[in-house]
Amino acid sequence: MYERTHYKQKESIGNATLILAAFATAFFPRLFTYFGAPSPLNFVHFLVIPVVSWIAITTTKITNRRQVSFFQELLFASGILFTATLASTIITQAGVANMLLQYMLLAEPFILLLGIIAIPLTGKRLEQFRTWIIGFGLSNLGLALAQSVLMPIGFYPRRGGTLQDNIAGVFASGSGSAGNYISCAVSIYFALYILNFSKSFPPWLKYTIVAASFYQAYISDSKQVLLGLLVGFFLTALSRVENPGKVLKYLIPLIIFVAILIWALQNPDIHFLSAYRNWTNRAHLYSFEGDAFQTKTAAFRIIPTHYDSAINWLFGLGPGHSVSRLGGWMIKKYADLLAPLGVTLHPASEEVFQVVYDGWIAQESTIFFPLFTWAGIWGDLGFVGLFSYLYVCNVIWKGTCKDDVCRFMVLSTAVLGFMLTQMEEPGQMLTVVCLLGLRWHERQAERQSVVQAETPQSPLSKRKPDFGPPLLEGTGG
């Protein structure tokens, strides 16, 4: 009996290690390609994460009913999304490579979460997993702060774009892309997790990390991330509407913050807000006829002009054929790598992108880009694909968003999906699901501790509880 239990513990440790390694393949590749590693390294995680998650699922037994129920519902929802993507591919005659890449861009976080939920994490194993995840987050924050100091004096290389674009931690890109947005969002999520849930950090260090993460957002000029987080904070307060006390806890600080911000924006002596004041003092841009509104909504006018029939409203133009990250950026950026795989590109993508080139406002700030995730899901997969994706999100919301930090991460990420394609960035999305999965296991451990504390120690209490059949019969015993 001891040997079997010991073997299962070793197996679980191995699966947790595999999950961490798989996460690392999406978290760190940009850092390596920034210093000259081959660009295909950025795609390795698309292979590694499904394989590792499958190993974790098929080599572990879980008997907890909560774990089984959440796993099965998430698996079913992910299958619905795959079916919608497949149907769109067939109807629009998009490339098979388009289907696989688009599905992975949307569903890869859900696949990793399936792997995390499928493994038992308790006690020392849970602590080790938490330590490694936090270590990943702090490495990104630390590198970003170092870049802000070393890059201006030439001790750290700069690869195109502005200085602010390159303050992107482990997500820096050789083309000076939006890695700074991803990096600072990830830093803030980790900082809030550490502030609220980590018991190994002293209070002064927790607040220092939070301050450093927001300082990173400032020095990397990540205005859209701060706006997304602010809206996410407001939505988090609304999500607690059944408890007025909880709502006031968030709304009062938010109202005070907004009032101070409005005063500061109207005060020209506060110079560090000049970049924000440049946009808030031009209200005419945001009317229905203004440049901001017309540019931001261009995809919703252009995409329907390419519909062949009413069925396109249901299934879209096809995976990667509109303004998703795949159609809007990846196929063009990695054309040499993806063309041999048979990817297909649709003229709608180029027409929407031309709006950026023809105008000025989107070139001034990516907040006004007409290419963003929610428009891309609708444009690529239609309303069927959009509702399929929302169904998966609903499953995750009900299963993992039991505290305000988890709600905030999910809601603010959804808001960022209206600004650019940040909701399809593996580094951001996989970070969010890792923290959601970690919190899920922490809550199970806390619940189990309460049960054990309340259960009288008797011979009957030492019997292993029967939670029903295992989720999957593992090959590893």
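Above this note sits the structure.
A brief structural summary. (Residues numbered from 1 in each chain as written. Predicted model: local features only at pLDDT ≥ 70, side-chain atom pairs only at ≥ 80, totals over all residues. Heavy atoms only, no water.)

## Comments concerning the nonpolar core
Residues Phe-27, Tyr-189 and Tyr-389 are the most contacted members of the largest nonpolar core, which totals 122 residues. Among the elements that take part in this core, helix α5 (residues 96-118) stands out by supplying 15 residues, more than any other. With residues up to four places along the chain from it excluded, the contact list for Tyr-389 reads Leu-81, Leu-106, Phe-110, Trp-374, Ile-377, Met-423 and Met-429. (Core = buried A, V, L, I, M, F, W, Y, C linked by side-chain atoms within 4.5 Å. Buried < 20%, exposed > 50% of the residue type's maximum accessible area, 1.4 Å probe, protein only. Helix = DSSP H or I, 4+ residues; strand = E, 2+ residues; numbered from the N terminus. Contact = heavy atoms within 4.5 Å.)

## Observations regarding the packing of aromatic side chains
Counting across every chain of the model gives 30 aromatic pairs. Summarising the aromatic geometry, the rings of Phe-27 and Phe-171 are spaced 5.1 Å apart at their centres and angled 75° between planes, so their arrangement reads as edge-to-face. Taken together, the residues span a long stretch of sequence, with Phe-27 in helix α1 (residues 2-27) and Phe-171 in the loop between α7 (163-166) and α8 (179-197) at a distance of 144 residues. Given a relative accessible area of 3%, Phe-171 falls into the buried group. The rings of Phe-300, Tyr-307, Trp-313, Phe-372, Trp-378, Phe-383 and Phe-387 are connected pair by pair, giving a single aromatic cluster. Of note, Arg-159 hangs over the ring of Tyr-34, and the distance from its end group to the ring centre comes to 5.2 Å. A cation over an aromatic ring shows up here: Arg-439 above the ring of Phe-197, its NZ or CZ 3.7 Å from the ring centre. (Phe/Tyr/Trp six-rings, centres within 6.5 Å; stacked < 30°, edge-to-face > 60°. Lys NZ or Arg CZ within 6 Å of the ring centre and 35° of its normal.)

## Concerning the pattern of salt bridges
A complete count under the given rule lists 11 salt bridges for this structure. The salt bridge involving Asp-403 is made with Arg-439; its shortest N-O contact spans 3.1 Å. Of this pair, Asp-403 sits in the loop between α20 (373-400) and α21 (404-416) while Arg-439 is found in helix α22 (residues 426-454), placing the two residues 36 residues apart along the sequence. A single burial state applies to Asp-403 and to Arg-439, both of which are buried. A salt bridge links Glu-442 to Arg-439; the nearest nitrogen and oxygen atoms lie 2.7 Å apart. Taken as a pair, Glu-442 and Arg-439 lie in helix α22 at a separation of three residues, close to a single helical turn. (Salt bridge = Lys/Arg side-chain N within 4 Å of Asp/Glu carboxyl O.)

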